[in-house]
Amino acid sequence: MVYPGDFEVVFQPIVDLIGRTVVAYEALSRFPSGSSPLAHFADPGRQGGDVDLEIIAAEKAVDAARFLPAWVPITVNVSPLSLETPRLKEIFAAADRPVGIEITEHHRVTNYPRLRALIESLSPWKVLIDGGGAGYSTPDHIRFLEPDVIKLSASLTARLDSATSDTSLIESFVSMAKDSGASVLASALETELRASRALEFGISLGQGFLFGAPQSASRLKAQQDDPQALPAVESH
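Calculation notes
Residues numbered from 1 in each chain as written. Predicted model: local features only at pLDDT ≥ 70, side-chain atom pairs only at ≥ 80, totals over all residues. Heavy atoms only, no water. Helix = DSSP H or I, 4+ residues; strand = E, 2+ residues; numbered from the N terminus. Buried < 20%, exposed > 50% of the residue type's maximum accessible area, 1.4 Å probe, protein only. Salt bridge = Lys/Arg side-chain N within 4 Å of Asp/Glu carboxyl O.

### Side note on the side chain of T167
Within the secondary structure, T167 is located in the loop between helix 6 (154-157) and helix 7 (168-180). Residue T167 is classed as buried on the basis of its relative accessible area, which comes to 11%.

Structural data, given as structure tokens:
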């Protein structure tokens, strides 16, 4: 399998919007070409090669996270196809911290009981449904997988910019989350306006440049070691 060059794993904080504290870091892949990760992980022409790439990315994430305090959980993005790979369980078992999984929506799920059993076998820290309306059948994911967190896509979060925007989908996901006992995570929170409006909708978790750009684990550790370099949001 030919991969699009080596790539780096960086981490972006997931924040409790009320206390403004970091509760976890999402591991994200960055390619030298600057191309979108979706161009590699969700390329239908790869014929399953995205699974191999996701497993490598998960391994890189667990290894790189060793620069972070051991009590800080991380989340990794995995597709339903990748959950079939025994290597993923080995990677989780070798981690020095809790690891959560964000189920991506690039592949259609045909057997939810099987998928749920695979997830439970990993004993993840938390299960996040990634996308919030951007991919395949998010309502079915929520209904059958009972995630801990429902993550709103950037396109939905952008609707928080204006009081006149259609926010019915946001309200729908918040309602589904409440009914299922899940929390809601708003991605792409880039301004205080978005963050404050997210709280108004009952969204408790946030992620975005307002709280920190994706950075390498070593750089995050350097910031934690140097109080003057710490961002406004602090870990707890």
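Text resumes after the structure shown.
### Brief notes about the environment of R143
Its place among the elements puts R143 in helix 5 (residues 138-145). R143 sits 33 residues away from M176 along the chain, and the two C-alpha atoms are 8.8 Å apart.

### Points about the pattern of salt bridges
In the structure shown here, the tally under the stated rule is twelve salt bridges. In this structure, E90 engages R87 in a salt bridge whose closest nitrogen and oxygen atoms are separated by 2.9 Å. In this pair, E90 and R87 are both assigned in helix 3 (residues 86-94), three residues apart and thus about one turn of the helix distant. Linked through salt bridges whose partners overlap, the residues forming this network are E26, E102 and K151.

### Some words on unusual backbone geometry
Its identity as a non-glycine residue notwithstanding, E146 has a phi of 45°, on the positive side. By relative accessible area, E146 is classed as partly exposed at 48%. Positive phi, normally seen in glycine, also occurs at A188, with a value near 55°. Relative to the assigned elements, A188 resides in the loop between strand 7 (183-186) and helix 8 (192-200). A188 sits in the buried class, given a relative accessible area of 17%.

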